[in-house]
Structure formats: structure tokens, C-alpha cells
Amino acid sequence: MQPQPASVDVAINAYGKPYQTAITLLTLLKHSGQWIDKIYFVEERKQPEPVDFKFIFKMLGQGKIIYYRPLFWFWYKQVNQFLQKFGLYRRAIRYQYAWEKTDKKFLLIIHNDLYFSGDLVGEYLKNIGDHTGIGKIGQCWNCPAHSAGLCDGDRYLNYRPSYEEIMRLNEQYPGPPRSKFYAEYIEKDRPWPLPECRLNEYVALVNLEKAKPDTVPYGKATPFGIINVIDVGVAWFHQLNNEGHTFANFDYDPYVTHSWVSLKNAGHEALFNKDLYKYEEEVALKVLKEEFGYQPAK
């Protein structure tokens, strides 16, 4: 079946970086606009600095943006499982507002520091097939099984080690500091997928017709945007795979660059380094003027 135009909505949570956010959405629409209907733009309750995103809405045109500002700010805090029953609380979870409100079959989940150079959405739609999601699978650079040459994003469905094997590998190939949490996180009777396995949320496409029924508030799986002791989406990915869902590994590098200004620590470090943050925003503003004719209000 050929993908249908305007069959995709977009979920983006904006925490600072207004000019990089603008570049993300403008380059996305430049290359993949035919597939996209609405953009769910969630402005996080707390921001790293005073910021006004309204210029982005003007550049994208009337009716493209569905704006939401949640009542709560979770950041990397644990989200109370009981309180997820309440919509206003639950919809403050990253990407959750779009997840529940969209009426589209597909939801594109993106970070706000991307530069698209090709039609990634079209490629995702052509290659997702019967999978529940498509994107880069796994943070393999952190994983001991990858260091041992046993697993990667293409092989995650087939490599299903025991708890004991995972812990042996973790001792042989000690990874980043969070590897100390593996023993706490891994379910001994259900250790697969591995702790670093997830559908990386930098830029991922999810088939909501498949995912919604098994995900809170409709099913039992934790929301996609929950951050547990490992990272965003790990618990959701683990639970859905164990319910029989599968995910396609797709190398998006030819079509989009994450943290495109400095390529430094996937964009995260800039949120804690004022000089780096300022530099990245200055570069993004220059590109915004040169490529899209943006003129800041005086």
C-alpha cells in the first residue's frame, strides 16, 4: 500500500532553543511536508531562559500548529504511576498530549534540534510495514552486548540472552555510569529486550493504530515518554516487544542530523552550558535568516 499524503501528525516538545526548533520544523516541512497534517507543539512548563516561540507559528502558517503548555514539569523526575490515571497529569509526560489527541494513524516524534536534508518521513512510511514503529533502534554505544559483537539494532529481535548472560557481559564490558542500574532494571524472568534497547525518540515514527491499544491510558504499557532509570522510551519498548510488537531499525543519518550545529553530546550538553547554548542559537539564527528569510522583529 502506498503511503497517503497528510497521514502523519508530529509531536515536538520544546525546551528552549527557539531558533533550532524553528529550523527543525521548517526543514522537516520543506522535505516531508506532503505527509504532515498537524504539528503538536508542546512548550514545556519550565524553560531554561525566557523564550517566545510565536514567531515559529507565524512562519509555519495558520492552522498548522496545535499548541499546548502542560500544567506540570517532569524533566528527568520519576512520574507517579497512580497519578497517570488523571489526564492533566498524564498529558504532561513528554509527547503524551499528541499521542492522545491526534486522529492520525502515524505520529512522528522528534527532538527540537534537528536539521532535515531529505524526505525521511516518506522513507519511514515506505519501510515501516507491519512494524509498530521505525527509527534507530538502541543506544548500542552503551550496550555490553554490542561491545561483544553479539547485538545491534538490526539483530535485537533475535538476540535474547538470559539475565545471567547479560550480567556477565556487563562485567566483561563495563559501560557508562548507568550500567550500575542494570541489575535493578532488568526483569530476571523477562530480561529481553536489553536495557539499552529502545526506539530512539530523536526522530521516530509510531503506528498508533498498533501502539495505542497497548499503551496507557488505553492499555497496560507505560507511556512512550516516561523516563525510567535508563532513558526515555526504554520501558515502553520493553513492554510492547514482550506483547508481540516489533520495530524496524532504519538509519536516518542520510536524511537528518541530530544536534546539527555542534554535534556535541547529542544536544543535551547545551542545556547546561550557557556559552554552548548561545553559540548554537546564534548559528541557527544565521541559517534561519539565510535559508528561510527570517527577519527578527525590531
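- The protein carries the name Glycosyltransferase in an unreviewed UniProt entry, which gives Dyadobacter luticola as its organism.

1. What about helix α1 (residues 18–32)?
Structural remark: α-helix, 3.6 residues per turn; residues separated by three or four positions point the same way.
Logical step 1: Between its terminal C-alpha atoms α1 stretches 21 Å, which fits the 21 Å expected from 15 residues at 1.5 Å a residue.
Logical step 2: Residues P18, Q20, T21, A22, I23, T24, L25, L26, T27, L28, L29 and S32 constitute the buried set of α1.

2. Considerations on a nonpolar patch on the surface
Logical step 1: A contiguous nonpolar surface patch, about 270 Å² in accessible area, is contributed by L71, F72 and L88.
Logical step 2: Checked against the element boundaries, L88 lands in helix α3 (residues 87–90).
Logical step 3: Judged by relative accessible area, which is 47%, L88 ranks as partly exposed.

3. What to know about the sheet that holds strand β8 (residues 247–249)
Logical step 1: Strand order in the open sheet formed by 7 strands is β3-β2-β1-β4-β7-β6-β8, and the pairing between neighbours is mixed. With one partner strand each, in any of the chains shown, β3 (65–68) and β8 form the two edges of the open sheet. Averaged over neighbouring strand pairs, the angle between their axes works out to 20° when direction is ignored.
Logical step 2: When strand β4 (residues 106–110) meets strand β7 (residues 203–207), the two strands line up antiparallel, connected through 5 bridges. Among the inter-strand pairings, F106 is bridged to a residue of β7, identified as N207.
Logical step 3: Packing against the sheet, α1 makes contact with β1 (8–14), β2 (36–43) and β4, and its axis sits at approximately 170° to β2.
Logical step 4: In the packing of helix α5 (residues 120–127) onto the sheet, contacts are made with β1, β4, β6 (133–135), β7 and β8, and the angle to β7 comes to roughly 40°.

4. Considerations on the domain arrangement of the protein
Logical step 1: The assigned domain composition of the protein is domain 1 (8–138 + 198–292) and domain 2 (139–197).
Logical step 2: Each of domain 1 and domain 2 was reduced to a C-alpha centroid, and the two centroids are 26 Å apart.
Logical step 3: Taken together, the contacts link 19 residues of domain 1 with 20 residues of domain 2.
Logical step 4: In terms of surface lost to domain 2, no three residues of domain 1 exceed V229, I230 and H238, which account for 34% of the buried area on that side.
Logical step 5: Between the two partners, domain 1 and domain 2, sit 0 salt bridges.
Logical step 6: Going through the elements one at a time, α10 (234–242) and β8 are the ones with two or more residues in the side of domain 1 that touches domain 2.
Logical step 7: Element by element, the count of residues in the side of domain 1 that touches domain 2 is highest for α10, at 7 residues.
Logical step 8: Considered class by class, the residues forming the side of domain 1 that touches domain 2 number 8 nonpolar, 9 polar and 2 charged.

5. Digging into the layout of surface pockets
Logical step 1: Its boundaries defined by the atoms lining it, the second largest pocket holds a volume of some 510 Å³.
Logical step 2: Lining the second largest pocket are 25 residues, and of these Q81, T222, I226, A235 and Q239 lie nearest its centre.
Logical step 3: Elements with a minimum of two residues in the lining of the second largest pocket: α8 (182–185) and α10.
Logical step 4: Both domain 1 (8–138 + 198–292) and domain 2 (139–197) contribute no fewer than three residues apiece to the lining of the second largest pocket.

6. Comments concerning the side chain of Q47
Logical step 1: Topologically, Q47 is positioned in the loop between β2 and α2 (54–60).
Logical step 2: A distance of 3.0 Å separates a polar side-chain atom of Q47 from the backbone oxygen of A14.
Logical step 3: Aside from chain neighbours lying at most four places away, what touches Q47 is A14, Y15, G16 and F53.

7. Notes on empty space enclosed by the protein
Logical step 1: One pass over the structure, following the stated rule, counts 1 cavity of 30 Å³ or more.
Logical step 2: When its volume is computed, the largest cavity comes out at roughly 80 Å³.
Logical step 3: Among the residues making up the lining of the largest cavity, the classes are represented as 6 nonpolar, 4 polar and 2 charged.

Criteria and cut-off values
- Once a new chain begins, its residue numbering starts again from 1 and follows that chain's sequence as written.
- Local features in this predicted model are restricted to residues of pLDDT 70 or higher, and side-chain atom pairs are both shown and tallied only at a pLDDT of 80 or more, whereas totals for entire chains, interfaces and linings draw on every residue.
- Only hydrogens and water are set aside when side-chain values are computed; all heavy atoms of the structure are taken into account.
- Secondary structure follows DSSP: runs of H or I at least 4 residues long count as helices, runs of E at least 2 residues long count as strands, and numbering of each begins at the N terminus.
- In this scheme, a helix's expected span is set at 1.5 Å multiplied by one less than its residue total.
- Three labels apply to residues, based on accessible area from a 1.4 Å probe with only protein chains included: buried if under 20% of the type maximum, exposed if over 50%, partly exposed otherwise in between.
- Patch membership requires over 30% relative accessible area and the absence of a salt bridge. Like charges are linked within 9 Å, and nonpolar side chains (Val, Leu, Ile, Met, Phe, Trp, Tyr) within 5 Å.
- Accessible areas in this description were obtained via Shrake-Rupley with a 1.4 Å probe; residue shielding takes into account the shown protein chains only.
- When a carboxyl oxygen of Asp or Glu is within 4 Å of a side-chain nitrogen of Lys or Arg, the pair counts as a salt bridge.
- We treat two strands as partners when DSSP finds at least two bridges between them.
- Only the contacting stretch of a helix is used when fitting its axis, a line to C-alpha atoms as for every element, and angles between N-to-C directions run 0 to 180 degrees.
- Residue contacts follow a heavy-atom distance rule, with two residues in contact if any of their heavy atoms lie within 4.5 Å.
- Domain boundaries shown here were taken from an automatic or database domain assignment.
- Computed with a 1.4 Å rolling probe, the buried area is the accessible surface lost when two parts are put together, summed over both parts.
- Polarity classes work like this: nonpolar for Ala, Val, Leu, Ile, Met, Phe, Trp, Tyr, Cys and Pro, charged for Asp, Glu, Lys and Arg, and polar for all others, with Gly in that last group.
- A cavity, in this analysis, means grid points on a 1 Å lattice covering only the protein atoms where a 1.4 Å probe fits yet has no way out; a pocket is instead an open set bounded by protein on both sides within 12 Å along at least five of seven lines, and a residue lines either one if it has an atom within 4 Å of a point.
- Grid points are joined across faces, edges and corners, and a volume is the space filled by probe spheres set on the points.
- Polar contacts here mean pairs of N or O atoms no more than 3.5 Å apart (in protein, one a potential hydrogen donor and the other a potential acceptor; neighbouring residues in sequence count only if both atoms are side-chain atoms).

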